[in-house]
Amino acid sequence: MAVIALASASGSPGVTTTALGLALLWPRPVLLVEADPTGGSGLLAGYFRGTTTYAAGMIELALTSSNLADALSEVAQPIAGTQVSYVAGTRSHTQAGALRDLWPLLAVALAELEPTGQDVIIDAGRLGLVGSPGDLLDAADLALLVTRTHLPALSAARSRADALRRPPLDWHQSGVLLVGDGQPYSAREVATVVDLPVIASLAEDPESAAVFSRGAKPPRRFETGALSRSLQAAIAAIHSTIVRRRSELLEGAPS
Ligand SMILES: Nc1ncnc2c1ncn2[C@@H]1O[C@H](COP(=O)(O)OP(=O)(O)OP(=O)(O)O)[C@@H](O)[C@H]1O
Ligand SMILES: [Mg+2]
């Protein structure tokens, strides 16, 4: 389908949790890219609880002298029993500066994966950090700002939304992924304040989120729980958002 990038404006609304949850439920092979420059892979320390050692990741991509597409396939690690491969982030925030030149090249390499049948989900971390992967967000088919709905979260989201706003009928789209719709503000209110469309809402479900964020034991009925169901709905909404734009562009294209 496409390249989808997730980022936050402030706090820790659940970017890593949502990116991993989407990837694990994704209906096709998918590459999960940890591009958060904060370092200390949230995936290896969180979901894998430190049981999987860092073999290679973003910094090896930055230092490669070979073709980036080849390096990408060498660095990507499969998650057993799933259709997900992941590229681990840096070990330390001190490596963030070394990634700056990687982002524009990686944006091209990731876009070129689509014909191989592999989609891409990017954890871009918090916007505006040193080494933030702005090029990956700009090049994504869909860039999603993940936010909670309380006032401090919305205030930060609104101040960052400019960086994501796209002109109408741009190939690249952006929107908001809400965590905790209605707590206290609704999707409609958020869309008005942030001035970006709300693409989907993830349920507030701390027990299930802990499975993705820190490798907790899945609660009973995890697969049919609130978070899993809302992730499935988000996947459908992401898919239809991208497909709709592509057909709008085709209809608008000169014959
Ligand atoms: N849908 C959700 N419902 C309830 N809790 C959630 C949800 N998503 C994430 N969380 C919880 O919020 C906390 C932060 O999640 P996570 O690490 O994914 O956020 P983040 O935005 O990636 O943060 P950071 O900016 O630090 O990387 C974790 O404890 C996680 O379990
Ligand atoms: Mg994170």
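Cut-offs applied
Residues numbered from 1 in each chain as written. Chains lettered and ligands numbered in written order. Predicted model: local features only at pLDDT ≥ 70, side-chain atom pairs only at ≥ 80, totals over all residues. Helix = DSSP H or I, 4+ residues; strand = E, 2+ residues; numbered from the N terminus. Contact = placed C-beta atoms within 7 Å. Buried ≥ 20, exposed ≤ 12 C-beta atoms within 10 Å, placed from the backbone. Pairing = 2+ DSSP bridges. Right-handed = clockwise from strand over helix to strand, strands pointing away. Axes fitted to C-alpha atoms, helices over the stretch in contact; angles between N-to-C directions. Parallel < 35°, antiparallel > 145°, perpendicular 65-115°, else oblique. Nonpolar A, V, L, I, M, F, W, Y, C, P; charged D, E, K, R; others polar. Near = placed C-beta within 6 Å. Arc of directions from axis to C-beta.

Q: I would appreciate a short explanation of the overall build of the protein chain in the present structure.
A: Counting its regular elements, the protein chain contains 10 helices and eight strands. Taking the principal axes of its C-alpha atoms as reference, the protein chain extends roughly 55 × 45 × 35 Å. Long-range pairs, those at least 24 residues apart, make up 74% of the contacts in the protein chain with a sequence separation of at least 6.

Q: Help me out: how do you make sense of the pairing of strand E8 (residues 198-202) in this one?
A: Looking along a regular strand, one sees the side chains alternate between the two faces of the sheet. In terms of residue burial, E8 counts as a mostly covered element, since five of its five residues are buried. By the bridge criterion, four bridges tie strand E7 (residues 173-179) to E8 in an arrangement that is parallel. Directly across from Val 176, in E8, lies its bridge partner Val 198. Note that the unit made of E7, helix H8 (residues 187-194) and E8 has a crossover that is right-handed.

Q: Honestly, unusual backbone geometry in this entry has me stumped. Any pointers?
A: Backbone phi values are negative for most residues with the exception of glycine, while trans is the configuration of most peptide bonds. Here the bond from Gln 183 into Pro 184 is cis, since omega is 5°, no more than 30 degrees from zero. Of note, Pro 184 is situated in the loop between E7 and H8. Here Arg 49, not a glycine, exhibits a phi torsion of approximately 50°, which is positive. You can see Arg 49 is positioned in the loop between helix H2 (42-47) and helix H3 (58-63).

Q: Would you mind going over the packing of helix H4 (residues 68-75) against helix H5 (residues 102-111) with me for this structure?
A: Packed helix pairs are specified by the crossing angle of their axes together with the interaxial distance, meaning the distance between the axes. Their axes nearest at 10 Å, the elements H4 and H5 cross at an angle of 80°. By the angle class used here, H4 and H5 are roughly perpendicular. Each of Leu 68, Ala 69 and Leu 72 in H4 lies in contact with H5, whose residues at this interface are Leu 105, Leu 106 and Ala 109. Looking at side-chain class alone, the contact of H4 with H5 contains six nonpolar, no polar and no charged residues.

Q: I tried to follow the site of ligand 1 on my own but got confused; where do I start?
A: Neighbouring residues of ligand 1: 21 residues in total, closest Ser 12, Gly 14, Thr 16, Thr 17 and Ala 209. Elements with a contribution of two residues or more to the shell around ligand 1: helix H1 (15-25), strand E5 (119-126) and helix H9 (206-214). At four residues, H9 tops the list of elements feeding residues into the shell around ligand 1.

Q: Which parts of the structure should I look at to understand H5?
A: Residue pairs spaced three or four apart in an α-helix point in one direction, given the helix's 3.6 residues per turn. The complete set of buried residues in H5 reads Leu 102, Trp 103, Leu 106, Ala 107 and Leu 110. Down the axis of H5, the buried set is contained in an arc of 130°. They therefore lie on one face. Packed against the buried residues of H5 are strand E1 (3-8), H3, H4, E5 and helix H6 (134-139).

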